[in-house]
Amino acid sequence: MLSLIVFLPLAAALALLALPRLGAAAARWTWVAVAAADLALVVAAWLRYETPTAGRLAFEEQAEWIPGVNSSYHLGVDGLSLPLIAMTAVIFLACAIFALRETDRPRLQAALFLFLQSVSMGLFVAADLILFFVFFDLSIVGMYFVIAGWGHGNAARSAMKFFLYTFLGSLALLVGFIGLYIAADPHTFDMVELAEQTPLAGSSLAGGLVLAAILIGLAVKTPTVPFHTWLPPAHTDAPAIGSAVLAGVLLKMGTYGFVRIAMPMLPEAWRDWAWVIIVVGIVSVVYGALVALAQTNFKRMVAYTSVNHMGYIVLAVGAAGLVADDTAQARSVAVTGAVTQMVSHGLITGALFLLAGVLQDRAATYDMDSYGGLAGPAPRLAAFFAVGAFASLGLPGLSGFIAEFQIFTGSIAAAPVTAIALVGILLTAALFLRALQRIFTGETRGRSVGFTDLRAAEVWSVGPLLVLSLLIGVFPRPLLAVIEPAAEVVVELVGR
Amino acid sequence: MAMRPLLLLPEIVLFLGGLAVLVSGSFLPRTRQWVTRVIAAVALVAAAILAVVDLPGPAQPAMEGTFTVDTATGVARIVAALGTLIVLALASDEIAGSPRESETYALLLFSTTGTLVLAGADDLLVVVVGFLLASIPLYGLIGIARTPRGAEAAMKTYLLGALFGILLLLGVTLLYGVSATTSYADLTDRLAEAPQGVVAAGVVAVLGGLMFKAGGVPGHFWVPDAAEGAGGAVAAFLTTVPKIGAMLAAYRLIAMLPDTLAWPLLVAVLAVASMTLGNLAAYWQTDPRRLLGWSTVSQVGYLLVPVAVAGRSDLALPSLLLYLAGYTVTNLAAFAVTTTFPDRRDLDSYRGMGRARPWLGASLVVALLGLVGTPPTVVFAGKLTTTAAAWDGGLAWLAVLVFVNTVISLFYYLRWIAPVYGRVEPPAPTPPGAFVAATWSPTTAVVTAGLSLALGIGAGALWSVFSV
């Protein structure tokens, strides 16, 4: 089941590559069909999903791969990964629909995105560190070609910066993985076994160093301050669907690594360093929001709000490491909030970046001051943007609120000082309202004149993302029911 | 102890094949020199098949214990023979019908034989024989194109080779002087009791000679020049096949030494120097072959990592073999792209190749990212296991430095990938023109790049063969 979900897009990508004579329209619709089929498979998996016993995974598949180093082809899902693969499938489908109007090498683009989809799905269901790393690295390679091949502006340079920076992170991660492997007895790369064994428990220096390597690797990908500098140029120069995937899916690989790898496998080191992680989280929240506030480029602004939103997740997982007997409940709420935030941020930011793509497509600029009164000629765009902006700033009734409310409830109960990060919400609200005003209200002027409103493909790609955000905001229960048991397990593992 | 010459059958087949190529080439007209290519290919395939048949066996001493036939020797035979076969395919584009076609094939076979002698040597004197047999044909090969750059490169290689050859002999003399034997079987115990200063000097000298053959620091100066000046096929050969023998010889040497001095540290320092220097020097190269030349210097550094922990980690030998096999395939894929367009000697002249020749573009990406060590190519499996071996053998810092260097190396490989997929600026300047490919090289590039991926995904199977 999981192998099919992971490799169906890859098979379609290879088929597209092998058929150079395929027409552009056929390629685009094949992409949509395959992405929809993959989503259907994920939904089927969700319907059949039953919470596995603590420390185990559902839909497990295991086959020998490199037995010499105890690395196997091991897949499985639990409450942490299932929502993320669902979110990934949704975002890739939205991108496929959005790209129905693409004219620049549509067949290659479809193949590349299907490849990226396979890689992203594979990462979230991998239960072996080497398998995880393989997908982690391939996601970087795929995104490099997306930015370099379909980007605009200074795309080559941004792509290079993105590649070098995140590749550095991935190698730091690999160093950490090898450290875990060597410390485990018997040596293994299997995530389930490593979480059971907790190698390096009792040696705080080695444990701290290995955790540092893993944290740097994940922090670059997430990204958190001070490793975020690759993000704004990469987003600014990436194509719209590239940005949506980058922000929606690829950033989650970093935060997912915290809850999947760092916390269960190195609980002792995680508790020792919890305060550092919390501080990094708070700084990311506040700094990201402040810098976003100063932007005049719409896409850069959304990129910096990603730093801010990822900061909430880091803050929550850090707070989960402050173990005390009476806060287990609160810490579990914080982790649940963190995972919910991953899903919510993916949907909302994916939608916002696709809307930014509409600006670029019509008027070839992201500069907010070039627009004004856009709500007149483009009412649908204005409405969609307003919903996305309110969701992103955490308005109740939308998914962002559910996530951030839980994060703060849990974190403040565990460490009251984390309330400082509430400033971030205020700043985000200010910057989104200001952007809304600058672009959409007032007299229609500048590039807004003659602006064509959203077309059908754009409505049907962005709309579902926002509707899902609304659904999660109103009926969070089905999602939380999946996440909560897994979050409790993580908190219990960190408390060991 | 007995001679048991049949154990050396693959080497004998290669050498006789070389002689047959040489003799028949003298009698064949220029238009029918392709016959010698067929003879050479048959000899290589035969050697590889013989090696495969022999492979799953325990270590067997041959030639009175001076040569060992074990898994490592077997793998070296297969990889070297198939590697030279690939070089042959590249050469057929470049030198078919040229005046020195058969001589080139003969020299390739002789040098491969020398590499295999090095790979199995269990005696210092056999190391010397292998060194000479592998090096002397190489001097001829580098200069055989008779270009000014080729002549310079041949001269440089010859002088350095002579110097390091003497150094190697000096080292052997010193070690023999303090131990009265050259056989590895006896050296371990006797060197433990010998004066450590002399042992250290002798080992450093022998290792220096082997580093010349491998193209690593401190014997690396000839590599970039030779890669740039020699013909494409020869460049592919000299940056790939000799390393197989030299690295295994270094491994056997280090594994044999008694635990009296900090040998792992010595090798680790050489490894770090090689990878760092190779990477930094490759940074601003504009000729793709010279860039690959420097990149191979850095690859020697990575190959030395498992050698540093020889005998200290169970992972060391299988990971070395895995890296060697992966490196050979991947490096040949990169060179195959350069021999496809022998006139494009500037990174920028590859602009737009990704669109004009998509399969070649993809092969180049696989080859270059493979050399970086990106999964799922086989070099990734090699890099993963070699660094795990280093960490397991107590050299965690070396593993970290390997990854730091990997990041450094990424930049210059990307410098080549970027134009391949970059936008084509208004009509390309005349010298490169359209991407008209040679006949054999593109197929070779695609096949080797595919092999690099396939071996990476099937690394588990390789590992189980290598760790017997």
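Up top is the structure.
All values reported here derive from a predicted model rather than from experimental measurement.

**Q** With reference to specific residues and values, describe the overall build of chain B.
**A** A tally of regular secondary structure across chain B gives 20 helices and two strands. Computed over C-alpha atoms, the radius of gyration of chain B comes to 21 Å, within 12% of the 23 Å expected from 2.2 N^0.38 for 468 residues, which places it in the range of a compact globule. For chain B, the spread of C-alpha atoms along the three principal axes comes to 70 × 55 × 40 Å. Within chain B, buried positions represent 63% of all 468 residues. Restricting to contacts in chain B with at least 6 residues of sequence separation, those with at least 24 account for 80%. Surface exposure of chain B reaches about 15,800 Å², of which carbon and sulfur atoms provide 70%.

**Q** Hey, could you go over the overall build of chain A for me, with residue numbers and the actual values?
**A** Secondary structure assignment for chain A yields 19 helices and two strands. Its C-alpha atoms give chain A a radius of gyration of 21 Å, near enough to 23 Å, the size a compact globule of 496 residues would have. Classification of the 496 residues of chain A by burial places 67% in the buried group. When contacts within chain A are restricted to residue pairs at least 6 apart in sequence, long-range pairs at least 24 apart make up 83% of them. Within the structure as shown, chain A displays about 15,600 Å² of accessible surface, and the carbon and sulfur contribution to it stands at 67%. Between the mean site of the 25 positive side-chain charges and the mean site of the 29 negative ones, chain A shows a separation of 13 Å.

**Q** An account of helix α6 (residues 148–179) of chain B is requested, with residue identities and associated values reported.
**A** With 32 residues, α6(B) ought to run about 46 Å at 1.5 Å a step, and its terminal C-alpha atoms sit 46 Å apart, in line with that. With its phi angle positive at about 60 degrees, A180(B) sits one or two positions after the end of α6(B).

**Q** I'd like a rundown of the packing of aromatic side chains, residues and numbers included.
**A** If you walk through the whole model with that rule in mind, you get 30 aromatic pairs over all chains. Between Y139(B) and Y158(B), the aromatic rings sit 5.2 Å apart at their centres with planes inclined by 90 degrees, giving edge-to-face as the arrangement. Taken together, the residues Y139(B) in helix α5 (residues 124–143) and Y158(B) in helix α6 connect sequence positions 19 residues apart. Since its relative accessible area comes to 14%, Y139(B) is described here as buried. Y158(B) gets classed as partly exposed once you look at its relative accessible area, which sits at 44%. Within the aromatic cluster, the residues linked to one another by ring pairs are Y144(A), F145(A), F163(A), F167(A) and Y421(B).

**Q** Describe the interface of chain B and chain A, listing the residues and the values that go with them.
**A** The interface of chain B with chain A comprises 32 residues on the first partner and 31 residues on the second. Between chain B and chain A lies a buried interface of about 2,800 Å² when both sides are counted; carbon and sulfur atoms form 82% of it. Inspection of the chain B/chain A interface yields two residue pairs in polar contact (both at pLDDT 80 or more). Counting only elements with at least two residues in the side of chain B that touches chain A, the list comes to α16 (358–372), α17 (378–392), α18 (396–421), α19 (440–457) and α20 (459–466) of chain B. If you tally residues by element for the side of chain B that touches chain A, the top one is α18(B), at 11 residues. In terms of residue class, the side of chain B that touches chain A is made up of 22 nonpolar, six polar and four charged.

**Q** Describe the side chain of S170(A), with residues and values.
**A** With respect to the element layout, S170(A) can be found in helix α6 (residues 155–183). In this structure S170(A) touches F133(A), F136(A), D137(A) and I140(A), once residues within four positions along its chain are discounted.

**Q** Describe unusual backbone geometry, with residues and values.
**A** Geometrically, the link from V225(A) to P226(A) is a cis peptide bond, its omega value of 5 degrees lying close to zero. Structurally, P226(A) can be placed in the loop between α8 (204–221) and α9 (231–237). Here the phi dihedral of M63(B) falls at roughly 50 degrees; this positive angle occurs in a residue that is not glycine. The residue M63(B) is located in the loop between β1 (60–62) and β2 (67–69) in this model. One non-glycine residue, R146(B), lies in the positive phi region at around 60 degrees. Counting through the fold element by element, R146(B) comes out in the loop between α5 and α6.

**Q** Mind laying out the environment of G357(A), listing which residues take part and the relevant values?
**A** All names here are of chain A. In this structure, G357 sits in helix α14 (residues 328–363). Assessed through its relative accessible area of 8%, G357 is described here as buried. Spatially, the C-alpha atom of G357 lies 9.9 Å from that of G242, the residues being 115 residues apart in sequence. Discounting residues that sit within four places of it in the chain, G357 has contacts with F98 and A240.

**Q** Which residues make up the side chain of S448(A), and what values go with them?
**A** Residue and element names in this part refer to chain A. Its location among the elements puts S448 in the loop between α17 (422–440) and α18 (456–474). Judged by its relative accessible area of 0%, S448 is buried. Aside from chain neighbours lying at most four places away, what touches S448 is S370, Y371, G372, G373, L374, P377 and I439.

**Q** Break down the pattern of salt bridges for me, citing the residues and quoting the values.
**A** All names here are of chain B. Under the criterion given, the structure shown has 19 salt bridges over all chains. Put simply, E101 and R37 hold a salt bridge, and the shortest N to O gap is 2.9 Å. Remark: R37 occurs in helix α2 (residues 34–54) and E101 occurs in helix α4 (residues 101–120); sequence separation between them is 64 residues. Across the pair, exposure class does not vary: E101 and R37 are buried alike. When salt bridges with common partners are traced through the structure, they connect R149, K156, D225, E228 and R290 into a single cluster.

**Q** Talk me through the nonpolar core; I want residue IDs and the actual numbers.
**A** Counting 366 residues, the largest nonpolar core has F132(A), I214(A), W270(A), F298(A) and F385(A) as its most contacted members. At 18 residues, helix α5 (residues 129–150) of chain A tops the list of elements feeding residues into this core. Leaving out residues up to four positions away in the same chain, F132(A) has contacts with L123(A), A126(A), L173(A), F177(A), M191(A), M253(A), Y256(A), G257(A) and I261(A). Listed in part, the five residues of the second largest apolar core include L7(B), A62(B), F67(B) and V69(B).

**Q** Provide a residue-level description of the pairing of strand β1 (residues 58–66) of chain A, including the pertinent values.
**A** All names here are of chain A. Sheet topology places β1 next to strand β2 (residues 71–77); six bridges connect them, and they run antiparallel. What sits directly across from A63, in β2, is Y73. Linking two consecutive strands that pair antiparallel, namely β1 and β2, is a turn of four residues; a positive phi of about 55 degrees is found at N70 within it.

**Q** Summarise the packing of helix α13 (residues 298–319) of chain A against helix α16 (residues 399–414) of chain A; cite the residues concerned and give the values.
**A** Think of two packed helices as two axes; the pair is described by the angle between the axes and how far apart they sit. Residue and element names in this part refer to chain A. Their axes nearest at 9 Å, the elements α13 and α16 cross at an angle of 40 degrees. When you trace α13 past α16, the crossing you get is left-handed. Judged by residue contacts, H309, Y312, I313, L315, A316 and A319 of α13 engage E404, I407, F408, S411 and A414 from α16.

Conventions we followed
Per chain, the residues get numbers from 1 upward, laid out in the order the sequence is written. Numbering of ligands from 1 and lettering of chains from A proceed in the order in which they are written. Predicted model: local features are reported for residues with pLDDT of at least 70 only, side-chain atom pairs are reported and counted for 80 or more only, and whole-chain, interface and lining totals are derived from all residues. To obtain the side-chain values, all non-hydrogen atoms of the structure were included, while hydrogens and water were left out. Secondary structure elements follow DSSP: runs of H or I of four or more residues count as helices, runs of E of two or more count as strands, with numbering from the N terminus. For this measure, only C-alpha atoms enter the radius of gyration; the expected value for a globule follows 2.2 Å times N^0.38, where N is the number of residues. Each residue is placed in one exposure class: buried if its accessible area under a 1.4 Å probe, protein chains only, is under 20% of its type's maximum, exposed if it is over 50%, and partly exposed if it falls in between. Contacts were defined at the residue level, with two residues in contact if any of their heavy atoms lie within 4.5 Å. Here the Shrake-Rupley method, with its probe set to 1.4 Å, supplies the accessible areas, and only the displayed protein chains count as covering residues. The charged-residue count follows a simple rule in which Lys and Arg add positive charge and Asp and Glu add negative charge, with His and chain termini not counted at all. By convention, the charge on Lys lies at NZ, on Arg at CZ, on Asp at CG and on Glu at CD. Residue count minus one, scaled by 1.5 Å, sets the expected span of a helix. Classification of ring pairs uses Phe, Tyr and Trp, with its six-membered ring standing for Trp, and accepts pairs whose centres are within 6.5 Å; under 30 degrees between planes counts as stacked, over 60 as edge-to-face, and the remaining range as tilted. By buried area we mean how much accessible surface two parts lose on assembly, using a 1.4 Å probe and totalling the loss over both. N or O atoms within 3.5 Å of each other form a polar contact, as long as, within protein, one can give a hydrogen and the other can take it, and as long as residues adjacent in sequence are counted only when both atoms are side-chain atoms. Residues are grouped as follows: Ala, Val, Leu, Ile, Met, Phe, Trp, Tyr, Cys and Pro are nonpolar; Asp, Glu, Lys and Arg are charged; every other residue, Gly included, is polar. One side-chain nitrogen of Lys or Arg within 4 Å of one carboxyl oxygen of Asp or Glu is enough to make a salt bridge. Nonpolar cores were defined as sets of buried Ala, Val, Leu, Ile, Met, Phe, Trp, Tyr and Cys residues, with membership established by side-chain atoms within 4.5 Å. Two strands form a pair only when DSSP identifies at least two bridges running between them. Each axis is a line fitted through C-alpha atoms, and for a helix only the stretch in contact is used; angles between axes span 0 to 180 degrees, taken between their N-to-C directions. Helix crossings fall into two classes, left-handed where the near helix is turned counterclockwise from the far one by less than a right angle and right-handed where it is turned clockwise.

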